[in-house]
Amino acid sequence: MSEESEFDTVITRRDTGSLKWERYRHRDVLPFWVADMDFKVAAPIRQALEERLQHPFYGYTVPPEDMADVVIAHLADEFHWQVKPEWIVWLPGVVPGLAVSCRAFCPDGDEIVVNPPIYHNFFDAHEPQRQTLVRVPLHRQDGRWTYDMPAMEAAFNDKTRLLMMCSPHNPTGTVFTLEELHRMAELCSRYGVIMVSDEIHADLVIDTQARHYPTAAACPAMADHIITLMSASKTWNIAGLNCSYAIISNPDLRRRFRAVSQSILPSVPPLAYCATRAAYLHGGPWRAELLNYLAGNYACVQAQLAGVKGLVVEPIQATFLAWIDARGLGLEDAKGFFEDHGVGLSAGEQFGQPHYLRLNFACPRSVLEEGLRRMKIAVATLESQGDAESGSAVSRR
Ligand SMILES: Cc1ncc(COP(=O)(O)O)c(C=O)c1O
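Basis of the calculations
- Residues numbered from 1 in each chain as written.
- Predicted model: local features only at pLDDT ≥ 70, side-chain atom pairs only at ≥ 80, totals over all residues.
- Heavy atoms only, no water.
- Pairing = 2+ DSSP bridges.
- Helix = DSSP H or I, 4+ residues; strand = E, 2+ residues; numbered from the N terminus.
- Axes fitted to C-alpha atoms, helices over the stretch in contact; angles between N-to-C directions.
- Contact = heavy atoms within 4.5 Å.
- Near = heavy atom within 4 Å.
- Polar contact = N/O pair within 3.5 Å; in protein donor to acceptor, adjacent residues only side chain to side chain.
- 1 Å grid on protein atoms, 1.4 Å probe; cavity = no way out; pocket = protein on both sides within 12 Å on 5 of 7 lines; lining within 4 Å.
- Sits in = over half its atoms within 2 Å of the grid points.
- Buried < 20%, exposed > 50% of the residue type's maximum accessible area, 1.4 Å probe, protein only.
- Salt bridge = Lys/Arg side-chain N within 4 Å of Asp/Glu carboxyl O.
- Left-handed = near helix turned anticlockwise from the far one by under 90°.
- Nonpolar A, V, L, I, M, F, W, Y, C, P; charged D, E, K, R; others polar.
- Domains from an automatic or database assignment.
- Buried area = accessible area lost by both parts, 1.4 Å probe.
- Expected span 1.5 Å × (residues − 1).
- Arc of directions from axis to C-beta.

Another point: the sheet that holds strand S3 (residues 111-114). Taken together, 7 strands build an open sheet; the order of strands is S2-S10-S9-S8-S7-S3-S4 and the sheet is mixed. In this open sheet, the two strands that pair with only one neighbour each are strand S2 (88-91) and strand S4 (132-135). When the angles between neighbouring strand axes are averaged without regard to direction, this sheet yields 20°. Pairing geometry for S3 and strand S7 (residues 160-166), over 3 bridges, is parallel. Bridged to Ile112 within S7 is Leu162. Packed on one face of the sheet, helix H4 (residues 94-105) meets S2, S3, S7, strand S8 (194-198), strand S9 (226-231) and strand S10 (244-247) and runs near 160° to S9. Contacts between helix H8 (residues 251-264) and the sheet are confined to S2, S8, S9 and S10, with S2 contributing the most and set at about 15° to the helix.

Right, dumping it as structure tokens:
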């Protein structure tokens, strides 16, 4: 029998105001939607928070003195990326960083390129009355989703100002190669386009053969035109605490970004700095176990859904989000169908890819297995209905 892991422990989140669980508060539906993990936060992070709470002041806060060094060490250790302290701009979230970028760098009439399927907030970060969002879909090549370079070449023009990238990619789980990043940087450089690279999933590569390269580190010639957005929030399950950061080496871009950010965003809360610092300083062993557990959960999704007619689990390299092609079910509303069978998934439509489903598998394996069991029963119901219908058609003839 395999050894019990701390990630196997089921802890109820009902009545804690959890966004993920409240959606189905009055229904027997297991939630596998929003990207938030059902694992308790690592002990060193909880301990740091408890210590900080002992001091009864929670006012406006500047980052701890060593905060920039802690981030810099993490980026150097993980990605061999050398970042200077002054390049870091603290933010209360990555999504606000996307919105700030649109406002800081895109005058009226500019075009912003995004590549669906993509994390849905990419569609809403700009100001529709000022900028035009241009959607250039990713395509599947050799079994993974990547940029469609001819389509990108065709879409870029003199008005293109910003490319909003997601790397590693949510929802397809792609970890982009150096070559893919270089091609994109070359195109952006040719058109004078600023790249905003959302790398919130950088620490969540589960494919041991894949490696994440920060876009700015991979493409040094383009680095002064890149805004990198990062956070410890996904990996260490502290998204509700609101600590993220932008890395901007170009002083002019940084000044413009900071000016907009300061005018519309709240500052980072004290507990948020505290948790992020503890995550980077002491959360390494927990993260290693997490990645291992997530890889096991992903294998479980693949194994349980293999051979289920109408569902294809696509290969992913990073994130804790399975990307499932459900076109074969022939359903208009696959999300609603599975909800009716007790499983709460995200609809592909949300990310710009109809008839797909996204399944968040960051939960104890027993919960995941129950969800997958329900999904199989649901599809079997569909098949038996189909049989009954074709049977009755035969009898009418
Ligand atoms: C690609 C991506 N960016 C940003 C976010 C959310 O970032 P934040 O909560 O820091 O605004 C998510 C959450 O799932 C995400 O997947």
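From this point, the narrative continues.
Now for the site of the ligand. The local shell around the ligand holds 13 residues, among which Val94, Asn170, Asp198, His201 and Lys234 are the closest. With respect to the ligand, the backbone of Val94 contributes an N or O atom lying 2.8 Å from an oxygen atom. His201 has a polar side-chain atom sitting 2.9 Å from an oxygen atom of the ligand. Counting atoms within 2 Å of the grid points, the majority share of the ligand lands in the largest pocket.

Assignment of secondary structure puts Leu53 in helix H2 (residues 43-54). The class of Leu53 is partly exposed, set by a relative accessible area of 41%. In contact with Leu53, other than residues within four places in its own chain, are Tyr58 and Leu271.

Okay, the pattern of salt bridges next. Counted according to the given criterion, the structure contains 24 salt bridges. Where Glu127 meets Arg103, a salt bridge forms, and the shortest distance between an N and an O atom there is 4.0 Å. With Glu127 in the loop between S3 and S4 and Arg103 in helix H4, this residue pair connects regions lying 24 residues apart in the sequence. Accessibility expressed as a relative area gives 30% for Arg103, which makes it partly exposed. Between Asp325 and Arg327 there is a salt bridge, with the nearest N and O atoms lying 2.6 Å from each other. With relative accessibility at 51%, the residue Arg327 sits in the exposed group. Within this structure, Arg13, Lys20, Asp36 and Asp38 form a network of salt bridges that share partners.

Two elements in contact, helix H3 (residues 67-79) and helix H9 (residues 270-282), have axes separated by 10 Å at closest approach and are oriented at 35°. Where H3 crosses over H9, the two elements pack in a sense that is left-handed. In contact with Met67, Val70, Val71 and His74 of H3, H9 contributes Tyr273, Thr276, Arg277, Tyr280 and Leu281. For the contact of H3 with H9, the residue count by class is 6 nonpolar, 2 polar and 1 charged.

Next up on the list: the domain arrangement of the protein. By domain assignment, the protein separates into domain 1 (6-42 + 284-396) and domain 2 (56-282). If you average the C-alpha positions of domain 1 and of domain 2, the two centres end up 28 Å apart. Each partner contributes residues to the interface: domain 1 has 30 residues there, and domain 2 has 33 residues. Buried area between domain 1 and domain 2, summed over both chains or domains, comes out near 2700 Å², and the portion from carbon and sulfur atoms is 56%. Among the residues domain 1 hides against domain 2, the three largest losses belong to Arg287, Gln317 and Phe351. Together they make up 27% of the total. At the junction of domain 1 with domain 2, the criterion picks out 2 salt bridges. The partner of Glu314 in a salt bridge is Arg140, and the shortest N-O contact between them spans 3.4 Å. In terms of residue count, the dominant contributor to the side of domain 1 that touches domain 2 is helix H10 (residues 284-305) (9 residues). Its residues assigned to classes, the side of domain 1 that touches domain 2 comprises 20 nonpolar, 6 polar and 4 charged.

Between its first and last C-alpha atoms H8 spans 20 Å; for 14 residues at 1.5 Å apiece the expected length is 20 Å, and the two agree. Looking at H8, one finds that the buried residues are Leu253, Arg254, Phe257, Val260 and Ser261. Down the axis of H8, the buried set is contained in an arc of 140°. They therefore lie on one face. The outward face of H8, more than 90 degrees from its buried face, is lined by the exposed residues Pro251, Arg255, Gln262 and Ser263.

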